[in-house]
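Chain by chain, the residues run as shown.
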Amino acid sequence: METKKTRCLIIGSGPAGYTAAIYASRANLQPLLYEGLQPGGQLTQTTEVENFPGYPSGVEGFQLMDDLRNQASKFGTDIQSGIITKTDLSVRPFKATADDGTEIIADTIIISTGATAKYLGLEDEKKYNGKGVSACATCDGFFYRKKVVAVVGGGDTACEESLYLAGLAQKVYLIVRKPYLRATKIMQQRVLDNPKIELLFEHNTLGLYGDEKVEGAHLIQRKGETDEKAYDLPIDGFFLAIGHKPNSDLFKPWVETDQNGYILTQGARPLTNVEGVFAAGDVADPIYRQATTAAGSGCKAAIECERYLSEHNL
Ligand code: NDP
């Protein structure tokens, strides 16, 4: 079994992980980065990214991540395609194990494992992924200007996404499974006050239809009740906003998280409660969840990491 030693282990390869790697390698920390289950992270699931600074003509999500990867590699990051399956943050240096059995001994760790958008679990969500199905209004809303879209969910994210889309689309349906919204009152009010948003309470989605791309959703109203009604709703875009799951389970025995699993950091600094362990990107960000903010926090984590190593003569 191979053992690798590193001053800086970066777990995850979204914009946060790669940016941390660029900064850490330029600071001569010779970081070791494990790409994880989805190399490149959530952005590889989107088509075009138009809001990442520096790309006035937009860039394919996959291309953007490849550029970041190449930049990190150019400065000397050791990029491994495996998954970290186990960590032990109770010892120093920290220990981690990769899926091929490699043991990693690390002086510091930057956690940038991201978050995974929740889906309803319908086959059609996979079938139309990138063809009308999205879990990020800020990323993909622009493609639905003057079109008709539906958002699923009843929390703050669903309300926020609906309001964002209402600024672009001709009409937004908000599909809510309960007879009420769970979102904060102020968000609810904003949604109710917006003439472009129509609330569909007590509705569930059974499937989607369309030849090449989404052309509508099969809905059911008041499922299981005597007045149950199934019907088709013509739409161009179907947005999931039923929550995200931060990928923090691996660190939970040691690293403090909020009730939703987001890693808690100290104010504007990406420090966790475990000294020498930093968190960057969506795994620690329940609010913004943007590639640009993730990249920024990855940069901060690498700078903090460098400081920690030099303060501790590591
Ligand atoms: P929430 O967990 O708050 O809400 C998820 C919503 O999705 C609920 O309405 C839930 O319905 C619905 N849902 C879940 N599963 C399904 C399903 N299978 N079918 C249909 N509907 C489903 O997640 P959010 O992402 O909205 O928010 C997460 C946290 O982030 C919250 O604390 C929120 O306040 C915060 N946040 C804050 C923002 C801000 O301050 N600007 C913006 C966005 C989020 P049900 O109610 O029936 O369970």
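This is a predicted model, so every value here is computed, not measured.

Thresholds, definitions, all that
- Residues numbered from 1 in each chain as written.
- Predicted model: local features only at pLDDT ≥ 70, side-chain atom pairs only at ≥ 80, totals over all residues.
- Heavy atoms only, no water.
- Helix = DSSP H or I, 4+ residues; strand = E, 2+ residues; numbered from the N terminus.
- Buried < 20%, exposed > 50% of the residue type's maximum accessible area, 1.4 Å probe, protein only.
- Contact = heavy atoms within 4.5 Å.
- Areas by Shrake-Rupley, 256 points an atom, 1.4 Å probe, with all protein chains shown as cover.
- Lys, Arg positive; Asp, Glu negative; His and termini not counted.
- Charge placed at Lys NZ, Arg CZ, Asp CG, Glu CD.
- Expected span 1.5 Å × (residues − 1).
- Near = heavy atom within 4 Å.
- Polar contact = N/O pair within 3.5 Å; in protein donor to acceptor, adjacent residues only side chain to side chain.
- Nonpolar A, V, L, I, M, F, W, Y, C, P; charged D, E, K, R; others polar.
- Pairing = 2+ DSSP bridges.
- Axes fitted to C-alpha atoms, helices over the stretch in contact; angles between N-to-C directions.
- Core = buried A, V, L, I, M, F, W, Y, C linked by side-chain atoms within 4.5 Å.
- Parallel < 35°, antiparallel > 145°, perpendicular 65-115°, else oblique.
- Left-handed = near helix turned anticlockwise from the far one by under 90°.
- Disulfide = S-S within 2.5 Å.

Chemist: What is the right way to read the overall build of the protein chain from this model?
Modeler: Scanning the protein chain from N- to C-terminus turns up seven helices and 19 strands. Taking the principal axes of the C-alpha coordinates as reference, the protein chain spans close to 70 × 40 × 35 Å. The buried share of the protein chain, reckoned over its 314 residues, is 50%. In the protein chain, the proportion of contacts linking residues at least 24 apart, taken out of those at least 6 apart, comes to 60%. Of the roughly 15,400 Å² of accessible surface on the protein chain, a fraction of 49% belongs to carbon and sulfur atoms. Distance between charge centroids for the protein chain: 3 Å, based on 33 positive and 40 negative side chains.

Chemist: Help me understand helix α7 (residues 291-311), please; the structure alone is not making it clear to me.
Modeler: One turn of an α-helix holds 3.6 residues; hence residues three or four places apart share an orientation. In a regular helix each residue adds 1.5 Å, so 21 residues correspond to 30 Å; α7 covers 30 Å between its end C-alpha atoms and thus fits that length. Among the residues of α7, those classed as buried are Ala-291, Ala-294, Ala-295, Ser-297, Gly-298, Cys-299, Ala-301, Ala-302, Glu-304, Cys-305, Tyr-308 and Leu-309. Turning to α7, the residues buried within the fold contact β1 (3-11), α1 (15-26), β8 (103-111) and β19 (277-279). Residue Asn-313 follows α7 closely and has a positive phi angle near 50 degrees.

Chemist: Is there a simple way to think about the site of the ligand in this case?
Modeler: Around the ligand, 13 residues are found, and the nearest of them are Gly-154, Asp-156, Thr-157, Arg-177 and Arg-182. One of the backbone nitrogen or oxygen atoms of Gly-155 is found 3.3 Å away from an oxygen atom of the ligand. Taken by itself the ligand offers 910 Å² of open surface, and the protein chains cover 73% of this. Taken together, the residues that form the shell around the ligand break down as two nonpolar, six polar and five charged.

Chemist: Even after reading the chapter, I still don't get the sheet that holds strand β14 (residues 203-209), so can you show me in this structure?
Modeler: Adjacent strands of a sheet pair through backbone hydrogen bonds, lying either parallel or antiparallel. Taken in spatial order, the three strands make up an open sheet running β14-β15-β16, and their pairing is antiparallel. Each of the sheet's edge strands pairs with one partner strand only, and the pair in question is β14 and β16 (229-234). With strand direction ignored, the average angle separating the axes of adjacent strands in the sheet is 25 degrees. Relative to β16, strand β15 (residues 216-221) runs antiparallel, the two sharing six bridges. Residue pairing for β16: Gly-216 is matched across the bridge by Pro-234.

Chemist: Just to check I follow, could you spell out the nonpolar core for this structure?
Modeler: Most often, soluble globular proteins keep nonpolar side chains buried together rather than apart. Among the nonpolar cores identified, the biggest contains 31 residues, and Cys-8, Ile-10, Tyr-18, Leu-64, Ile-110, Phe-278 and Cys-305 are the most heavily contacted of them. Among the elements that line this core, the one with the most residues is α7, at eight residues. With near-sequence residues (within four places) excluded, Phe-278 lies in contact with Thr-108, Ile-109, Ile-110, Ile-111, Pro-270, Leu-271, Thr-272, Ala-301, Glu-304, Cys-305 and Tyr-308. Core analysis: the second largest hydrophobic core is formed by 21 residues, Ile-84, Val-255, Ile-263 and Ala-284 among them.

Chemist: Looking at this model, I keep getting lost on the packing of α1 against helix α2 (residues 61-74). Mind explaining?
Modeler: Helix packing for two helices is described by the angle between their axes and how far apart those axes are. The N-to-C vectors of α1 and α2 enclose an angle of 25 degrees; their axes lie 8 Å apart at closest approach. In terms of orientation, α1 and α2 fall into the roughly parallel class. For the element pair α1 and α2, the recorded crossing hand is left-handed. Along the contact surface, α1 presents Pro-15, Tyr-18, Ala-21, Ile-22 and Ser-25, while α2 presents Met-65, Leu-68, Arg-69, Gln-71 and Ala-72.

Chemist: What should I look at first to understand the state of the cysteines in this one?
Modeler: Any covalent bond linking the sulfur atoms of two cysteines counts as a disulfide. Inspection of every chain in the model, using the stated rule, returns one disulfide. Put simply, Cys-136 and Cys-139 are joined by a disulfide, and their sulfur atoms are 2.0 Å apart. The disulfide joining Cys-136 to Cys-139 has a torsion of about 75 degrees about its S-S bond and is therefore right-handed. Looking at Cys-139, the relative accessible area reads 24%, which means it is partly exposed. Cys-136 supplies the cysteine sulfur nearest to Cys-159, a cysteine that is in no disulfide, at a spacing of 16 Å. Looking at the unpaired Cys-299, the closest cysteine sulfur is the one in Cys-305, lying at 12 Å. Under the relative-accessibility criterion, Cys-299 is labelled buried at 17%.

Chemist: Would you mind showing me how to read the packing of α1 against α7 here?
Modeler: The N-to-C vectors of α1 and α7 enclose an angle of 35 degrees; their axes lie 7 Å apart at closest approach. Taken as a pair, α1 and α7 cross one another with a handedness that is right-handed. On α7, the residues that touch Pro-15, Ala-16, Thr-19, Ala-20, Tyr-23 and Ala-24 of α1 are Ala-291, Ala-294, Ala-295, Gly-298, Cys-299, Ala-302 and Ile-303. Tallied by class, residues from the contact of α1 with α7 come to 11 nonpolar, two polar and no charged.

Chemist: I keep staring at the side chain of Thr-205 and nothing clicks. Help me out?
Modeler: Following the sequence through the fold, Thr-205 ends up in strand β14. Accessibility expressed as a relative area gives 10% for Thr-205, which makes it buried. Excluding anything up to four places from it in sequence, Thr-205 contacts Leu-120, Leu-122, Val-152, Ile-175, Ala-217, His-218, Leu-219 and Phe-238.

All we've got here are geometric facts, nothing functional implied.
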